[in-house]
Amino acid sequence: MSKIKRWFLPVIAGGLLAVLAVGFLFHYSTNPTVVDGNFSDFWADGDKAYIKCYLCIANNSDEAKTVNISAESAEDVKVGLLKDKALKAYDENLETTDIVISPGTDSYTVVFVGEFGGVLRKADRLPPNDIYVTVRDTV
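All residue numbers refer to positions counted from 1 along the written sequence of the respective chain. Reporting of local features is limited, given that this is a predicted model, to residues whose pLDDT is at least 70; pairs of side-chain atoms are given and counted only at 80 or more, and all residues count toward the totals for whole chains, interfaces and linings. Neither water nor hydrogens contribute to the side-chain values; these are computed over all heavy atoms in the structure.

## Quick look at the overall build of the chain
Then, number 1: Scanning the chain from N- to C-terminus turns up 2 helices and 7 strands.
Then, number 2: To qualify as a helix, a DSSP run of H or I must reach at least 4 residues; to qualify as a strand, a run of E must reach at least 2; elements of each kind are numbered from the N terminus. For the chain, the N- to C-terminal ordering of α and β elements is α-β-β-β-α-β-β-β-β.
Then, number 3: The classification of residues rests on relative accessible area computed with a 1.4 Å probe and restricted to protein chains. Under 20% of the type maximum is buried, over 50% is exposed, and intermediate values are partly exposed. Out of the 139 residues in the chain, the part that is buried amounts to 29%.
Then, number 4: A separation of at least 24 residues holds for 71% of the contacts in the chain among residues at least 6 apart in sequence.
Then, number 5: Computed with the Shrake-Rupley method and a 1.4 Å probe, the accessible areas treat only the protein chains shown as cover for residues. Total accessible area on the chain is roughly 8,700 Å²; 54% of this is exposed by carbon and sulfur atoms. The contact rule is simple, with two residues in contact once any of their heavy atoms fall within 4.5 Å.

Listed below in C-alpha cells is the structure:
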C-alpha cells in the first residue's frame, strides 16, 4: 500500500467521526435553539423599530426554560430601518423579554425591538439572520 493510501483512510474516518460527533451534540443539546423562523410584520413608533416574527424553537431537555432572545440585523441598518444592528426580543404583547420555552419543538411569536433609523423600509421579508438564545433559568 502506498504512503498516500495508508494515511488517507484514517484521515477520512477521523473527519467523518468529528462531523458525526458535532451533529450529535447539536441535535441533543439541552439548550433551546431556533430551528426556523418566519417574518410577519414591521413598524416604527417613536424612536423604536419593531419586527414581528414567528420562531420555531427546539428545547431538547425535559424541563421548560426561561430564555432571552436577541438578534442582529445588519441588512436593516443598511436600508435605514435600524440605527444599530442589535435587537432584543419581547413576547408578542411587548411585556417581557423573558420567554418560557416548553420541552419539545414549538412556535413562538416574538417582536424584535431596536433603535429606529428613520426609514420605514425592511431589507427583506425574513427574520434577522443572527438570532441568539440565552438560557436564564429552568422553570
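Having seen it, we continue.
## Details of the pattern of salt bridges
Then, number 1: The salt bridge definition used is simple: a Lys or Arg side-chain nitrogen within 4 Å of an Asp or Glu carboxyl oxygen. Scanning all chains against the criterion turns up 4 salt bridges.
Then, number 2: Between aspartate 76 and lysine 122 there is a salt bridge, with its nearest N and O atoms 2.9 Å apart. Highlighted residues: aspartate 76 in helix H2 (residues 74-78) and lysine 122 in the loop between strand E6 (104-115) and strand E7 (130-138), separated in sequence by 46 residues.
Then, number 3: Classification of aspartate 76 by relative accessible area gives buried; the value is 0%.

## Side note on the packing of aromatic side chains
Then, number 1: Each pair of aromatic rings taken from Phe, Tyr and Trp, with Trp reduced to its six-membered ring, is defined by centres within 6.5 Å and is described as stacked if the planes are under 30 degrees apart, edge-to-face if over 60, and tilted in the remaining cases. Taken as a whole, this structure holds 2 aromatic pairs when the rule is applied.
Then, number 2: Here phenylalanine 39 and phenylalanine 42 contribute two aromatic rings whose centre-to-centre distance is 6.3 Å and whose plane-to-plane angle is 40°, an arrangement assigned as tilted.

## Re the side chain of aspartate 91
Then, number 1: Along the polypeptide, aspartate 91 turns up in strand E4 (residues 86-91).
Then, number 2: A polar contact of 2.8 Å, which involves the side chain of aspartate 91, links it to the backbone nitrogen of glutamate 95.
Then, number 3: Those residues in contact with aspartate 91, other than ones at most four positions away along the chain, are Thr96, Ile99, Thr109 and Val111. In protein, a polar contact means a hydrogen-donor-capable atom and an acceptor-capable atom, both N or O and within 3.5 Å, with residues adjacent in sequence counting only if both atoms are side-chain atoms; elsewhere, any N or O pair within 3.5 Å suffices.

## Regarding the nonpolar core
Then, number 1: Ranked by size, the top nonpolar core spans 20 residues in total, and within it Ile51, Leu55, Ile69, Leu81, Ile99, Val110 and Phe112 carry the most contacts.
Then, number 2: Every element with two or more residues in this core is listed here: strand E1 (33-45), strand E2 (48-59), strand E3 (65-72), E4, strand E5 (99-101) and E6.
Then, number 3: In contact with isoleucine 99, not counting residues within four places along its chain, are Lys65, Thr66, Val67, Ile69, Tyr90, Asp91, Tyr108 and Val110. Nine residue types can take part in a nonpolar core, namely buried Ala, Val, Leu, Ile, Met, Phe, Trp, Tyr and Cys, and a core is a set of them joined through side-chain atoms within 4.5 Å.

## Description of the pairing of E2
Then, number 1: One requirement defines pairing of two strands: DSSP has to find at least two bridges between them. Bridging between E1 and E2 involves 11 bridges; their strand directions are antiparallel. Each residue of the ladder has a partner; that of glycine 37, found in E2, is leucine 55.
Then, number 2: Adjacent in sequence and paired antiparallel, E1 and E2 are bridged by 2 residues, among which glycine 46 carries a positive phi angle near 65°.
Then, number 3: Direction of pairing for E2 relative to E6: antiparallel, over a ladder of 12 bridges.

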